[in-house]
Amino acid sequence: MTDSTENAALSASVQDQAIDAALRHIPPVWPLSSFVAVNPFMGQTGETLATAGARLARVAGTRVTMPNAWYMDRITSGEITDADLAAALDASAHAGKPDSVDALKALAREEPTAVTGIQTVADIAAAETRVDWPAVIADRFGTWASGYFDEGQALWAAPRGRSAWAAYRAYATHDLTPEIIGLAGFGQFVADAPEKAADAIARATTTLGLDEAGLESYFHQLLLTFGGWSQYARTQLWQAELAGKDDRTLSDFLAIRLLWEEAMLTLGPASIETRWTEARSAHGNAPAPDSQHIAGEILQEAAERAAQRRLADILAQPAATADEGRPALQAAFCIDVRSEVFRRALESVDPAIRTIGFAGFFGLSAKHRGFASDVEELRLPVLLNPAVTSSSGSESMVDADLSRRYLLRAKRAWGRFKLAAVSSFAFVEAMGPVYVGKLVGDALHLRGQSPANDPAPRFDPPLDLETRIGAAETVLRAMSLTANFARVVVLAGHGANVVNNPHASGLHCGACGGYSGEVNARLLAGLLNDSEVRAGLTEKGIRIPDDTLFLAGLHDTTTDTVTLYTEDRAFPDHAEDVKQAEAWMKTAGAIARGERALRLPRADKADDITVRAKDWAEVRPEWALAGCSAFIAAPRRRTSGRSLAGRAFLHDYEWGPDSENGYGVLELIMTAPVVVASWISLQYYGSTVAPELFGSGNKLLHNVVGGIGVFEGNGGLLRAGLPMQSVHDGENHAHEPLRLSVCIEAPREAMNDILSRHDGVRALFDNRWLHLFAMDGDGRLSHRYTGDLTWEAFEGETDASPETRAAA
């Protein structure tokens, strides 16, 4: 191999590494049908908030903390104390941090100068030609991408089967808009581009004069300019890698964006070259936080320490005396923060009721097919691959399945007829009066969605007995539910019942992949009611009494009603028990609605909550997970009887029995539910502190595109993240942007062992994207994780950790 060949190979290797690194900086976004929360800082978790702020400031022109005035308001009110500021300042490892609390306050009193990113060639061309080329690129690319990714919304589907790069070149060679606006020769430039995206990237890299040091930063910036389109392509890569495959859509996007940069430089005014030479050099420097980035990180830490003090005070309150007798009812809910309000309400109805917190997919990673449907729904955390498949309805329901399919096909055909190019005009004229009743009913909130109620799901194909027993044992041990079963145990998934809301799936269960949780709950109830499974569990040390009935339910988080799936199984001996359970649920729902009404705008009483689910003009049917700030994995007795105000994820966990099995449950909690909760927390954080980059804008301006996402307006970039109305009430932020505080009652050594074996999870804590606390045997916060597998006593508390108490 000659020297020149070696250099070419090295260049290709360097380019590939830079491309891969840039792709990893982009967070995924799931389609509207399964809109789960995602950590928008996923690509920056290996660095601190300040360093991530420096990076995103130059590639996106955005801040990653709140305005300084937000922190000063809390300092002035005393919510953030000098002790919080001092502790946050002391915890900062940045060399350029302020040297005192007074110096930190002085920085906080001054708002930083407006953040501006490094200019791309398109930015420079816009300044030189007075044509908004970034907006033109967003519009033309968005027009193409909406057809390329369309999932059935378009009446005329774009051709499939080609790569994104090939499909875009075919489109762009016939798109006259750029040339009409002023980029003469663009169509021919695209036609002459290399046929392979990798070759196009290599050519553009040379044309633009890029060096190795600046590649990753510049590529990251270009992908960000495509907004949610890049994030949707990143999802395809995520899913492909989860299945052990690869996907090149996002790297094709990079080639497309580089093609525009190359065209601007080649076909635009010569003056662009001079300014571009200055701009590209800035990408060669590693992102370094300045004094304001560092101050912002410290102020954010101080705000979180203030919240942690308040949480510690709540957990330090005397616990209610637990009744050790057989519970009158046990009800397992998702760990979702909305369940905290309902669980507390339900427990207040009768002191003999026990509630349990567990991930809402109930340990069953199911690929499910609904009744009369061929769509495969991944009802599991997006971190996992499906382990079982299921379908609704028994094999004997063939005729009902076929009838339902005919009905749904007719409904789809009617919908397309209403929207078709020719028939739509005649349809409005002829059929408009027929819809008067529906319009009036919807306007008066007389119609709403019914709870999900397909026929009972079943494992399809059926699981063998050994697998069923193993699955049941795993779930029960993970729930810390291995003894003292009630006569009725409710397994309640959750979902949201809303109308006219494109982001409705974002209100469903994130652990169920953005679907409601009743399928998983019904599958598990059937499994645990199986007499053969119970016999097998007895041999494994878990004895379920013969008179225990497991019953699936669905908690509607919008209306706080609970539907019990009583038709799934006959229960002649439990009729009165179930009737009592329904009455308790109804009473608890009224209590929960009364509490939630205090937070929601235009809701003065509990009855105001229910109507929001039917109001097609309601932009805030519920607050979903706004306000989330803590994750607690501990026995329920540590938190029962204390209001956490719907701000905490609550996962039941008993470390004693788990220690006998090598802390397998603890490892599962720290690597799955904690990570999912961090995605939720950081999505709300990102949509609050950087709404232009990580939010989806104003709901009132949303238009659904391709069935996968929304435009804010009638075109341009796909908007990812949460709508403004999900984090803001119109006057103030409804979500307090705080990174999640994870509190676990378990030995610190066990947590360290898990962190040492999971680098991705450890990075979240070491770089303070999450805070980790150990709880003592009384449920108090005893130690704070400080990074690098080290701990310090929390706020001067004495060592009262679980292992110390166990030894005593």
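Provided above is the structure to which this section pertains.
My aim in this report is to walk through the structure given alongside it, one point at a time. For clarity, every value in this text was computed on a predicted model and none was experimentally measured.

A look at the overall build of the protein
Along the backbone of the protein there are 32 helices and 19 strands. A globule of 808 residues ought to have a C-alpha radius of gyration of about 28 Å, and the protein, at 28 Å, matches this closely. With the principal axes as the frame, the protein shows a C-alpha extent of 85 × 75 × 60 Å. Residues classed as buried in the protein amount to 55% of the 808 residues present. Considering only residue pairs separated by 6 or more positions, the protein has 74% of its internal contacts joining residues 24 or more positions apart. Counting only carbon and sulfur atoms, one obtains 53% of the accessible surface of the protein, whose full area is about 33500 Å². Positive and negative side-chain charges of the protein, numbering 75 and 104 respectively, have mean locations separated by a distance of 5 Å.

Here we look at the environment of Thr566
By secondary structure assignment, the location of Thr566 is in the loop between β9 (561-564) and α24 (575-597). For Thr566, a relative accessible area of 27% gives the class partly exposed. Apart from the residues within four sequence positions on either side, Thr566 is in contact with Leu551, Phe571, Val578 and Glu582.

A word on the sheet that holds strand β8 (residues 549-556)
Judged by pairing direction, the sheet is mixed, and its 5 strands sit side by side in the order β2-β1-β7-β8-β9 without closing on themselves. Strand pairing shows two members of the sheet lacking a second neighbour, β2 (353-358) and β9, which therefore form its edges. Pairwise comparison of adjacent strand axes, ignoring direction, gives a mean angle of 25° for this sheet. Relative to strand β7 (residues 488-495), strand β1 (residues 329-334) runs parallel, the two being bridged by 4 bridges.

Notes on the pattern of salt bridges
Summed over the entire model, instances satisfying the criterion amount to 52 salt bridges. Between Asp139 and Arg140 there is a salt bridge, with its nearest N and O atoms 2.9 Å apart. Accessibility expressed as a relative area gives 31% for Asp139, which makes it partly exposed. Residue Arg140 is classed as buried on the basis of its relative accessible area, which comes to 13%. Among the salt bridges present, the one from Asp766 reaches Arg762, with a minimum N-O distance of 2.9 Å. Taken as a pair, Asp766 and Arg762 lie in helix α31 (residues 759-766) at a separation of 4 residues, close to a single helical turn. In this structure Asp766 comes out as partly exposed when scored by relative accessible area, which is 28%. Beyond isolated ion pairs, a larger network of salt bridges with shared partners links Glu301, Glu304, Arg305, Arg739 and Arg768.

A closer look at the sheet that holds strand β17 (residues 771-775)
Spatially, the 6 strands line up as an open sheet ordered β11-β10-β16-β17-β18-β19, and their pairing is mixed. Two strands close off the open sheet at either side, each with one partner strand: β11 (648-651) and β19 (790-793). With strand direction ignored, the average angle separating the axes of adjacent strands in the sheet is 25°. Together, β16 (741-744), β17 and β18 (781-787) form the strand contacts of α31, whose direction differs from that of β18 by roughly 105°.

Focus: the side chain of Glu301
Note on placement: Glu301 falls in helix α16 (residues 291-315). Those residues in contact with Glu301, other than ones at most four positions away along the chain, are Ala88, Ala91, Arg739, Arg768 and His771.

Observations regarding the packing of helix α3 (residues 68-77) against helix α5 (residues 101-108)
At a minimum axis distance of 9 Å, the contact between α3 and α5 shows a crossing angle of 130°. Considered as vectors, α3 and α5 are oriented oblique to each other. On α5, the residues that touch Asn68, Met72 and Ile75 of α3 are Lys105, Leu107 and Ala108. Residue composition of the contact of α3 with α5, grouped by class: 4 nonpolar, 1 polar and 1 charged.

Comments concerning the pairing of β16
Residues of β16 alternate between two faces, with Ser741 and Cys743 on one and Val742 and Ile744 on the opposite face, all of them buried. Of the pairings in the sheet, the one linking strand β10 (residues 630-633) to β16 comprises 4 bridges and is parallel in character. Of the residues in β16, the one forming a bridge with Ala630 is Ser741. As defined by bridge partners, β16 adjoins β17 across 4 bridges and the pair is classed as parallel. Residue pairing in the sheet places Ser741 in a bridge with His771 of β17.

Digging into the packing of helix α27 (residues 664-671) against helix α30 (residues 748-757)
Running from N to C, α27 and α30 point in directions that differ by 55°, and their axes come no closer than 10 Å. By the angle class used here, α27 and α30 are oblique. Here α27 runs over α30; the crossing is right-handed. Taking contact as the criterion, the partners of Leu666, Glu667, Met670 and Thr671 in α27 are, on α30, Ala750, Met751, Ile754, Leu755 and Arg757. Its residues assigned to classes, the contact of α27 with α30 shows 6 nonpolar, 1 polar and 2 charged.

Definitions and limits used
- Residues numbered from 1 in each chain as written.
- Predicted model: local features only at pLDDT ≥ 70, side-chain atom pairs only at ≥ 80, totals over all residues.
- Heavy atoms only, no water.
- Helix = DSSP H or I, 4+ residues; strand = E, 2+ residues; numbered from the N terminus.
- Rg over C-alpha atoms; globule rule 2.2 N^0.38 Å.
- Buried < 20%, exposed > 50% of the residue type's maximum accessible area, 1.4 Å probe, protein only.
- Contact = heavy atoms within 4.5 Å.
- Areas by Shrake-Rupley, 256 points an atom, 1.4 Å probe, with all protein chains shown as cover.
- Lys, Arg positive; Asp, Glu negative; His and termini not counted.
- Charge placed at Lys NZ, Arg CZ, Asp CG, Glu CD.
- Pairing = 2+ DSSP bridges.
- Axes fitted to C-alpha atoms, helices over the stretch in contact; angles between N-to-C directions.
- Salt bridge = Lys/Arg side-chain N within 4 Å of Asp/Glu carboxyl O.
- Parallel < 35°, antiparallel > 145°, perpendicular 65-115°, else oblique.
- Nonpolar A, V, L, I, M, F, W, Y, C, P; charged D, E, K, R; others polar.
- Left-handed = near helix turned anticlockwise from the far one by under 90°.

Distances and angles like these do not, on their own, reveal function.
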